[in-house]
Amino acid sequence: MDKLVTKQAVAQAVYEAIPALACVLPEDVEAGIVAARDDERHLLGRAVLDQLCENMRIAAKDCVPLCQDTGTVWVSLDAGPGVLVPADVFSLVDDAVARAYDQARLRKSVVRDALVDRTNTGDNTPAFCDIHPVDEPGTARLSVMLKGGGSDNASRVVMLAPGAGRAAIVEEVVRCVREKGANACPPLTVGVGVGGTFDKVASLAKRALLRPVGEPASDPEVAAFERELLEAVNATGVGAGGLGGRHAALAVAVSTAPCHIAALPVAINMGCSALRRCTVDLPTQSVSVVAASDGCEGEV
């Protein structure tokens with residue numbers, strides 16, 4: 001018996017996630033900021049972290065947005081073997097986004113076309129949606145992220161020479177934080193993608209931001225590289241709010257993939273101090289699929 005993901009279930013999950021994410025930080029991000037505050041000795045950095053903690057408290061208590069930039073909506077569906085996904089699975093998402101942003105009185109920040117018509121759409125649509133196949137049988141999982149412009153603007157993709165190696169990746173991440181990190185509202189969560197192709201590596205970096213703060217990569221070598229990157233990023237002294245200190249980032253999450261022998265694609269996707277994302281399991285419907293036979297007459 002297969003499982004079917006419905007467009008109604010996807011839209012409802014998006015609708016419910018948006019107002020909650022806008023006002024309440026995920027527990028792992030909140031815990032990371034509190035731990036950074038308690039550890040910080042730099043006066044200005046500590047003051048910024050104190051303010052972020054107070055902001056979290058007020059936003060959750062009064063149900064007001066954590067940040068005036070309530071972001072674009074990114075929706076990613078993980079589907080495993082045995083899960084059927086209709087072609088129109090995202091067809092109700094834009095309506096859910098429009099209703100959620102209107103009812104929660106959130107800022108609308110999407111323009112009609114990046115080049116030819118930068119008129120605000122007025123409802124924060126369209127959402128940016130993708131489907132991600134996974135190996136876990138029966139999995140139907142939806143991730144939603146409200147991504148602010150400042151953190152995305154501080155991100156980059158670079159195509160390194162294949163022999164550049166780990167040192168060049170560390171250099172690129174550190175350079176990105178030095179040049180752009182302060183504009184991304186640190187302390188950051190830094191998603192790093194390594195591998196794939198020019199277009200796929202950015203997705204690796206963005207999906208890396210879904211991993212809980214403090215949870216290392218499952219591969220020990222990648223986890224060690226994450227620790228190396230985090231240490232290098234925090235050694236920049238950029239600090240919270242870009243005002244100095246030892247906590248430019250709460251975490252660095254690395255996701256890797258195969259690539260061409262002549263390539264070393266690297267993407268760096270910044271997540272700001274208000275890293276607003278959640279992942280939920282979707283309800284599914286059981287369905288029985290009858291396949292066509294291999295007979296010449298095409299019986300069903």
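Provided above is the structure to which this section pertains.
So, here's what we can say about the structure. From a predicted model like this one, the values you see are computed outputs, not experimental measurements. (Residues numbered from 1 in each chain as written. Predicted model: local features only at pLDDT ≥ 70, side-chain atom pairs only at ≥ 80, totals over all residues. Heavy atoms only, no water.)

## Focus on the packing of helix α1 (residues 7-23) against helix α4 (residues 93-103)
When two helices pack together, their arrangement is given by the angle between the helix axes and by the axis-to-axis distance.
Link 1 in the chain: Two numbers describe how α1 lies on α4: the axes approach to 8 Å, and their chain directions differ by 25°. Our classification of the angle between α1 and α4 gives roughly parallel. The handedness of the crossing between α1 and α4 comes out as right-handed. Where α1 approaches α4, its residues Val10, Ala11, Val14, Tyr15, Ile18 and Pro19 are matched on the opposing element by Val93, Ala96, Val97, Arg99, Ala100, Tyr101 and Gln103.
Link 2 in the chain: Its residues assigned to classes, the contact of α1 with α4 comprises 11 nonpolar, one polar and one charged. (Axes fitted to C-alpha atoms, helices over the stretch in contact; angles between N-to-C directions. Helix = DSSP H or I, 4+ residues; strand = E, 2+ residues; numbered from the N terminus. Parallel < 35°, antiparallel > 145°, perpendicular 65-115°, else oblique. Left-handed = near helix turned anticlockwise from the far one by under 90°. Contact = heavy atoms within 4.5 Å. Nonpolar A, V, L, I, M, F, W, Y, C, P; charged D, E, K, R; others polar.)

## What to know about the sheet that holds strand β13 (residues 285-287)
Link 1 in the chain: Reading across the sheet, the three strands line up as β3-β1-β13 and stay open at both edges, with mixed pairing between neighbours. Among the strands making up the open sheet, the edge pair consists of β3 (83-84) and β13.
Link 2 in the chain: In the sheet, strand β1 (residues 2-4) pairs with β3 via two bridges, with the strands oriented parallel. Within β3, the residue paired with Leu4 across the bridge is Leu84. (Pairing = 2+ DSSP bridges.)

## Observations concerning the packing of helix α6 (residues 165-180) against helix α8 (residues 220-234)
Link 1 in the chain: As a packed pair, α6 and α8 sit with axes 10 Å apart at the nearest point and diverge in direction by 40°. One element, α6, and the other, α8, form an angle in the oblique class. Crossing of α6 over α8 shows right-handed handedness. Residue-level inspection shows Arg166, Ile169, Val170, Val173, Val174 and Val177 of α6 in contact with α8, the latter providing Glu221, Phe225, Glu228, Leu229, Ala232 and Val233.
Link 2 in the chain: Within the contact of α6 with α8, the residues separate by chemical class into nine nonpolar, no polar and three charged.

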